[in-house]
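Structural overview
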Amino acid sequence: MLVTLGLALAICGLAVGNVSEPARPVSGRGGGGSLGTHRPGELAEQIGGRALAARLARVQPDWPARRAVFRPRPIDCAELKCVALTFDDGPYRYTGRLLDMLARHEARATFFVVGRMVDAGGADDLRRMVAEGHELGNHSWDHAMLTDMRREGVEAELQRTQRLVRRVTGTDMRIMRPPYGATDRTVSRVARGYGLSQILWDVDTVDWRDRQPALVARRVGAAGPGTIVLLHDIHSTTVRAVPRVLARLDHEGYTFVTVSELLGEGVPGPGGRYPMRNEEELRRAARRS
């Protein structure tokens, strides 16, 4: 009965609901974490989207549906001022707080996740990301320098993370970001084999080095329309910078989108890179990271 109700809610789109609505207690039988005996419409009115998504995940581990693929919203970034905020290396202890901030602004983002971080307790954060419309990308299993590895090693790094994320969220990732931005022909071939496009960035906030929220926010604020911004949700200083980033860009009329929403049909095919950079540029970026 619970699974049937959960599936009905998910199909109706109530599982993600309005993520900025605060959760309210559900009265009647079935309290203490149960979905109770409410009809779907009643339940959606009495519980926030975030809390409902969490409950669905608890009662049916396969939610959302298995083998789902991220579906971008039909957004025209040629007409709108779009910016894609991307967060690497998580999920971590600050990720939940970051998701709260994004939800309050109805902002979508892209998370390039590290497999071992998911395995260490980040599955709930990933389920929430999927429920709230964020995009997931593969960032290897343990943040290895892929260009220092043989093909078999690169395959293991990507495949292990790909399988884990599919198992815990039901989502097949279609994009990846090589750690340090370091890629070569071998990495490109392996990524192509897993159907993964390589996504780099336009704006590097260097937040891993400069742990100053005001400085990080200023660098993001300087990003122009149509840019992909590199951030890391493993640093508390970065997460503390996000409210002012969202407020400033909101005020300037930006729309916060995922990578696939920003690029649209311009997403490079499997193994391809965006933006295109020559090998020397990639080596310099890797040395700086």
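Overview of the structure. Just so it is clear, the structure is predicted and the values come from calculations on it, not from any experiment. (Residues numbered from 1 in each chain as written. Predicted model: local features only at pLDDT ≥ 70, side-chain atom pairs only at ≥ 80, totals over all residues. Heavy atoms only, no water.)

Right, let's talk about the overall build of the protein chain for a bit. Within the protein chain one finds 11 helices and nine strands. Classification of the 289 residues of the protein chain by burial places 51% in the buried group. Residue pairs in contact within the protein chain that sit at least 24 positions apart in sequence constitute 77% of those at least 6 positions apart. Carbon and sulfur atoms provide 49% of the accessible area of the protein chain, an area that totals close to 13300 Å². (Helix = DSSP H or I, 4+ residues; strand = E, 2+ residues; numbered from the N terminus. Buried < 20%, exposed > 50% of the residue type's maximum accessible area, 1.4 Å probe, protein only. Contact = heavy atoms within 4.5 Å. Areas by Shrake-Rupley, 256 points an atom, 1.4 Å probe, with all protein chains shown as cover.)

This part takes up the pairing of strand β1 (residues 81-88). Along β1, seven of the eight residues are buried, which leaves the element largely enclosed by surrounding structure. In this sheet, strand β2 (residues 110-113) lies alongside β1 in parallel orientation, the contact comprising three bridges. Counted as the bridge partner of T86 is T110 from β2. With helix α4 (residues 95-104) bridging β1 and the parallel β2, this β-α-β connection has right-handed handedness. (Pairing = 2+ DSSP bridges. Right-handed = clockwise from strand over helix to strand, strands pointing away.)

In this section: the side chain of D210. The residue D210 is located in the loop between β6 (203-204) and α8 (213-221) in this model. Looking at D210, the relative accessible area reads 13%, which means it is buried.

Here we come to the environment of V242. Along the polypeptide, V242 turns up in helix α9 (residues 236-251). Classification of V242 as buried rests on a relative accessible area of 4%. If we ignore the near neighbours within four places in the chain, the residues touching V242 are F87, L98 and M101.

As a further point, take the pattern of salt bridges. Oppositely charged side chains may form a pair once their charged atoms are brought near each other. Throughout the structure, instances matching the rule amount to 11 salt bridges. Within the structure, one salt-bridge network assembled from shared partners comprises D100, R128 and E132. (Salt bridge = Lys/Arg side-chain N within 4 Å of Asp/Glu carboxyl O.)

This next bit is on the packing of α4 against helix α5 (residues 115-131). In the contact formed by α4 and α5, the axes pass within 10 Å of each other and the chain directions differ by 15°. Taken together, the axes of α4 and α5 are roughly parallel relative to one another. In this structure, α4 crosses over α5, and the sense of that crossing is left-handed. On the side of α4, the interface is formed by T95, G96, L99 and D100, while α5 contributes D125, R128 and M129. Residues of the contact of α4 with α5, tallied by class, amount to two nonpolar, two polar and three charged. (Axes fitted to C-alpha atoms, helices over the stretch in contact; angles between N-to-C directions. Parallel < 35°, antiparallel > 145°, perpendicular 65-115°, else oblique. Left-handed = near helix turned anticlockwise from the far one by under 90°. Nonpolar A, V, L, I, M, F, W, Y, C, P; charged D, E, K, R; others polar.)

Our focus in this paragraph is the state of the cysteines. Under the defined criterion, the tally for this structure stands at one disulfide. Through a disulfide, C77 is tied to C82; the S-S separation comes to 2.2 Å. Its S-S torsion of about -90° marks the bond between C77 and C82 as left-handed, since a negative value means left-handed. The pair formed by C77 and C82 is uniform in burial state, with each residue classed as buried. (Disulfide = S-S within 2.5 Å.)

Attention now moves to the packing of α8 against α9. Where α8 contacts α9, the two axes come as close as 8 Å, and the packing angle between them is 40°. Taken together, the axis directions place α8 and α9 in an arrangement best described as oblique. The two elements α8 and α9 cross, and the hand of that crossing is right-handed. From α8, P213, A214, V216, A217, R218, V220 and G221 reach across to α9, where they touch T237, R240, A241, R244, V245, R248 and L249. Here the contact of α8 with α9 is composed, by residue class, of eight nonpolar, two polar and four charged.

Of note, S188 is situated in helix α7 (residues 185-193). Not counting the four nearest positions on each side in its chain, S188 is found in contact with T183, Q198, G271 and R273.

This brings us to the pairing of strand β3 (residues 135-138). The two faces of β3 match: E135 and G137 on one face and L136 and N138 on the other face are all buried. Here β2 runs beside β3; their pairing, made up of four bridges, is parallel. In the strand pairing of β3, T110 is matched with E135. Between the parallel elements β2 and β3, the chain passes through α5 in a crossover that is right-handed.

This part takes up the nonpolar core. Judged by nonpolar contacts, the single largest core of 37 residues is most densely connected at L85, F87, L102, F111, L126, V229 and L246. Considering every element that reaches this core, the biggest residue donor is α9, with six residues. Counting residues in each nonpolar core, the second largest holds 14 residues, with C82, V257, V259 and L262 among its members. (Core = buried A, V, L, I, M, F, W, Y, C linked by side-chain atoms within 4.5 Å.)

Another point: the packing of aromatic side chains. Summed over the entire model, instances satisfying the criterion amount to two aromatic pairs. Between F87 and F111 the ring centres are 5.5 Å apart and the planes differ by 25°, which places this aromatic pair in the stacked class. With F87 in strand β1 and F111 in strand β2, the pair connects residues that are 24 residues apart, well separated along the chain. Taking the ring centre of W141 as reference, the NZ or CZ of R160 above it sits at 3.8 Å. (Phe/Tyr/Trp six-rings, centres within 6.5 Å; stacked < 30°, edge-to-face > 60°. Lys NZ or Arg CZ within 6 Å of the ring centre and 35° of its normal.)

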